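Coordinate analysis (summary)
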Amino acid sequence: MRTDINLGVNCAGIKMKNPVTTASGTFGFGEEYAHYLDLSSLGALVVKGTTLHPRKGNPPPRIIETPCGILNAIGLQNPGVDIVVDEILPRLQQFSIPVIVNISGDTPDDYGLVAKKLDQSYAACIEVNVSCPNVRKGGMQFGSDPAAAAEVTRVVKANTNLPVIVKLSPNVTDMVRVAQSVAEAGADGLAMINTLLGMKIDIHTMRPVLGNTMGGLSGPAVKPIAVRAVWQVFKETNLPIIGMGGITCADDALEFIMAGATAVAVGTANFINPRATVDIIEGIEQFLVKNGYSDVNQLIGKAHQ
Amino acid sequence: MKLMTAAKVTNRKHIMPGYNLLRVHAPDIAHSSQPGQFLHVLCSDTLDPLLRRPISIHTVDKDRGTVSLLYRVAGRGTAMLSDYEQLNIMGPLGNGFTLPPANSKVLVVAGGIGIAPLYFLLQKLSENGSVADVFLGASSAGHLLRIKDINELGHSVQVATDDGSSGYHGRVTDICSPDFISGLDMVYTCGPRPMMRALAKIIKKHNVPGQFSLEERMGCGVGACLACACKTRTGHPEEFTYSHVCVDGPVFSASEVVWE
Ligand SMILES: Cc1cc2nc3c(=O)[nH]c(=O)nc-3n(C[C@H](O)[C@H](O)[C@H](O)COP(=O)(O)OP(=O)(O)OC[C@H]3O[C@@H](n4cnc5c(N)ncnc54)[C@H](O)[C@@H]3O)c2cc1C
Ligand SMILES: Cc1cc2nc3c(=O)[nH]c(=O)nc-3n(C[C@H](O)[C@H](O)[C@H](O)COP(=O)(O)O)c2cc1C
Ligand code: FES
């Protein structure tokens, strides 16, 4: 790490020592990857989607490979917010990085209750998932309606003093409208994009492959859509954005930053290269040096100038 | 210890049509692996195919620091595996088999490529002076692997094929006679799900414990993505949970799994 280069960013009030974090659900609670990298080198850690009560998740198969991507239908399997607050978050303190907890619920009140429990925990920030395509209730149902997304945002804000980032779904006609609506409702930042609703059929069994029939598409295949979404939302709102969708290398991350992302999250790429995040941090620094920049903030939204 | 490493391929062999044996130099993995554990192998240096493939550890040679993989060419990923001078591998991953006490009566049942992790177990068993009965099942003689090597380890092999091209004409579970099964201390198996389900039913009837190695589609291989779900029992008879093959398995106790 070079001292003459600043990689630090301030994203929705969270101080990150570099702009790279993990995409919820692809990095567990971080500990699963602690053998492969030093977690304390991350800008922040975004952990698995957490709900009020434990969830079993969907029947298998839960994952299918597609060209340059994957479809997943995990169904928010998680131990519930109490275990996260009492057992998991205290263990993550040792890494001394901001921990962002991604939350989901069936009703706006559920989101509020989870936010309240996290308010006094080690969490640095709450990421509100109104965009999960893999659960029957909640999730995307809130994210596809600007008014419903704003309602969830207001309830969460009313229950916590932590910064609140709202994670947007690409499965809508107009992401900008949803972004503006949650911004008015008090969101401190945006995360985008969640997965795109998709499916695969096995032509031999003549049945859908995923246990839950449909799933969310992620990985390199979705990157152009995600870059476009960040570009559009950056232009029309003032909120900091955590950009994600198909990032596998520093070049990908830089595209998102130039489109307007303050920080980036690495998701599916962790499965292929568990060290993808740290490789990307290094690559961003090298890009700055090579191109005569001293601060990554100089590149945020650069493509709009 | 878990690692990600670029391991040099020291040997590749086409052992039968559709089956390859690959040996890589990975001393740390060779020293720390247990039978039943697997490696998560990168098949491509491009983004397509994207995911790693889980492949069991077939044998280790601690002196030479090598690990070998026996695999069936099943699709695009496994078809590419023999193309490289180096393989990017993660591992050893998962929980392997627990060895039985000395002098136990042990049956090992392999369905097709299911022999891949079981061969490593059979090696350990003979190192411990144990002799196992080994039942190999396959669709036809062309899918029966490693018979000679298993005999050389001192174990006795019986064979069943669906088409009768070798050994008993029928399913491997058909040669599991009640008298024989009820005298066993432990059954180890890996193979197609229907075979394992049938075997689980048989050993349950005779109260014999089993260690079953399961397969499920994987993402991360380390317990982070929760993709590799397998239905298992909890303490309550009416309830179930989803365990994860990559970290809770791949080896499960037969009685723990909800076989549906
Ligand atoms: C713990 C474990 C150990 C295994 N050990 C061995 C072994 O030692 N030798 C061997 O030949 N095979 C083994 N398999 C199966 C092997 O992983 C698959 O055959 C392989 O992933 C197929 O990849 P492909 O690209 O050739 O096939 P494709 O069908 O093109 O693969 C498409 C996708 O489906 C997944 N997939 C397909 N079949 C399976 C399967 N049976 N299990 C899990 N995922 C699958 C692939 O990983 C990939 O993501 C093991 C599986 C598991 C879970
Ligand atoms: C296996 C898996 C599980 C996921 N779980 C969640 C989740 O719990 N909450 C959430 O907001 N997003 C979840 N996502 C979406 C990712 O956080 C991310 O938005 C998406 O995968 C796009 O990024 P990527 O292409 O880099 O993976 C999940 C994605 C995957 C692949
Ligand atoms: S493959 Fe990710 S949890 Fe098992």
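Use the structure listed above.
Things to note about the overall build of chain A
Scanning chain A from terminus to terminus reveals 9 helices and 16 strands. Rg of the C-alpha trace for chain A: 18 Å, near the compact-globule value of 19 Å for 305 residues, within the 12% margin. Based on the C-alpha atoms only, the size of chain A along its principal axes is roughly 55 × 45 × 40 Å. Evaluated residue by residue, chain A yields a buried proportion of 62% over its 305 residues. Within chain A, contacts between residues at least 6 apart in sequence are counted, and of these 72% link residues at least 24 apart.

With respect to the site of ligand 1
All names here are of chain B. In the neighbourhood of ligand 1, 21 residues make up the surrounding shell, with Pro54, Gly77, Thr78, Glu215 and Arg217 lying closest. Contact distances for ligand 1 include 2.8 Å between an oxygen atom and a side-chain N or O atom of Arg53. Contact distances for ligand 1 include 2.8 Å between an oxygen atom and a backbone N or O atom of Gly75. Look at ligand 1: alone it shows 830 Å² of surface, and the protein chains cover 84% of it.

Considerations on the site of ligand 2
All names here are of chain A. As a matter of local geometry, ligand 2 sits amid 23 residues, with Ser24, Lys167, Gly219, Gly246 and Thr268 nearest to it. In the environment of ligand 2, an oxygen atom lies 2.7 Å from a nitrogen or oxygen atom belonging to the side chain of Lys167. Gly246 has a polar backbone atom sitting 2.6 Å from an oxygen atom of ligand 2. Coverage of ligand 2 by the protein chains reaches 98% of its 600 Å² of free accessible surface. Among the cavities detected, the one that contains ligand 2 is the largest cavity. Residue assignment for the shell around ligand 2 shows that the elements contributing at least two residues are strand E4 (45–50) and strand E6 (69–72). Here the shell around ligand 2 is built from residues that sort into 6 nonpolar, 15 polar and 2 charged.

As for the environment of Pro54 of chain A
Its location among the elements puts Pro54 of chain A in the loop between E4 and strand E5 (63–66). In this structure the C-alpha to C-alpha distance between Pro54 of chain A and Ser41 of chain A, which are 13 residues apart in sequence, comes to 30 Å.

Topic: the packing of aromatic side chains
Applying the stated criterion to the full structure yields 7 aromatic pairs over all chains. Seen from their ring centres, Tyr111 of chain A and Phe142 of chain A are 5.6 Å apart, and the 80° between their planes marks the pair as edge-to-face. Highlighted residues: Tyr111 of chain A in helix H2 (residues 108–119) and Phe142 of chain A in helix H3 (residues 140–143), separated in sequence by 31 residues. The exposure class of Phe142 of chain A is buried, given its relative accessible area of 5%. Ring geometry for Phe97 of chain B and Tyr188 of chain B: centres 5.6 Å apart, planes at 85°, overall edge-to-face. In this pair, Phe97 of chain B is assigned in the loop between strand E7 (86–93) and strand E8 (106–111) and Tyr188 of chain B in strand E12 (residues 186–190), connecting sequence segments 91 residues apart.

Some points on the interface of chain B and chain A
Note: interface size is frequently given as the accessible area lost on complex formation between the parts. With 29 residues of chain B in contact, the opposing surface of chain A contributes 34 residues. Across the chain B to chain A interface the summed buried area is about 2600 Å²; carbon plus sulfur atoms make up 66%. Connecting chain B to chain A are 1 salt bridge. Between Arg53 of chain B and Glu65 of chain A there is a salt bridge; the shortest N-O distance is 2.8 Å. Broken down by secondary-structure element, the contributors of at least two residues to the side of chain B that touches chain A are strand E1 (3–16), E7 and strand E15 (240–244) of chain B.

Describing the sheet that holds strand E11 (residues 168–169) of chain B
All names here are of chain B. Ordered by their spatial adjacency, 7 strands build an open sheet running E11-E10-E9-E8-E12-E13-E16, and the pairing between neighbours is mixed. The open sheet terminates on both sides in strands that have one partner only, identified here as E11 and strand E16 (251–253). In this structure, strand E9 (residues 132–138) lies alongside strand E10 (residues 156–161), joined through 6 bridges in parallel fashion. If you follow Val134 over to E10, its bridge partner there is Val157. Sitting on the sheet, helix H3 (residues 115–127) is in contact with E8, E9 and E12, with an inclination near 155° to E8.

Quick notes on the environment of Gly215 of chain A
Mapping Gly215 of chain A onto the fold places it in strand E14 (residues 214–218). Gly215 of chain A gets classed as buried once you look at its relative accessible area, which sits at 0%.

A few points about the sheet that holds strand E8 (residues 125–129) of chain A
Residues and elements named next belong to chain A. Spatially, 8 strands are ordered E3-E16-E15-E10-E9-E8-E7-E4 in an open sheet, and the strand pairing comes out parallel. On the outer flanks of this sheet lie strand E3 (20–22) and E4, each paired with one strand and no other. On average, each strand axis in the sheet is tilted by 25° relative to the strand beside it, whichever way the strands run. Sheet analysis places strand E10 (residues 189–192) next to strand E15 (residues 241–243), joined by 3 bridges and oriented parallel. Looking across to E15, one finds that Ala191 is bridged to Ile242. Together, E3 and strand E16 (263–266) form the strand contacts of helix H9 (residues 276–290), whose direction differs from that of E3 by roughly 165°.

Side note on a nonpolar patch on the surface
A cluster of nonpolar side chains, namely Leu197, Met199, Ile201 and Met214 of chain A, defines an oily patch on the protein surface of about 350 Å² accessible area. Position of Ile201 of chain A among the secondary structure elements: in strand E12 (residues 201–202).

As for the pairing of E1 of chain B
Residue and element names in this part refer to chain B. Sheet analysis places E1 next to E7, joined by 6 bridges and oriented antiparallel. Within E7, the position partnered with Leu3 by the bridge is Gly91. Pairing of E1 with strand E2 (residues 19–25), which is carried by 7 bridges, proceeds in the antiparallel orientation. Bridging across to E2, Arg12 finds its partner in Leu22. The antiparallel pairing of E1 with E2 creates a hairpin that spans 2 residues between the two strands, and Gly18 there sits at a positive phi of about 90°.

Analysis parameters
Residues numbered from 1 in each chain as written. Chains lettered and ligands numbered in written order. Predicted model: local features only at pLDDT ≥ 70, side-chain atom pairs only at ≥ 80, totals over all residues. Heavy atoms only, no water. Helix = DSSP H or I, 4+ residues; strand = E, 2+ residues; numbered from the N terminus. Rg over C-alpha atoms; globule rule 2.2 N^0.38 Å. Buried < 20%, exposed > 50% of the residue type's maximum accessible area, 1.4 Å probe, protein only. Contact = heavy atoms within 4.5 Å. Near = heavy atom within 4 Å. Polar contact = N/O pair within 3.5 Å; in protein donor to acceptor, adjacent residues only side chain to side chain. Areas by Shrake-Rupley, 256 points an atom, 1.4 Å probe, with all protein chains shown as cover. 1 Å grid on protein atoms, 1.4 Å probe; cavity = no way out; pocket = protein on both sides within 12 Å on 5 of 7 lines; lining within 4 Å. Sits in = over half its atoms within 2 Å of the grid points. Nonpolar A, V, L, I, M, F, W, Y, C, P; charged D, E, K, R; others polar. Phe/Tyr/Trp six-rings, centres within 6.5 Å; stacked < 30°, edge-to-face > 60°. Buried area = accessible area lost by both parts, 1.4 Å probe. Salt bridge = Lys/Arg side-chain N within 4 Å of Asp/Glu carboxyl O. Pairing = 2+ DSSP bridges. Axes fitted to C-alpha atoms, helices over the stretch in contact; angles between N-to-C directions. Patch = residues over 30% accessible without salt bridge, like charges linked within 9 Å, V, L, I, M, F, W, Y side chains within 5 Å.

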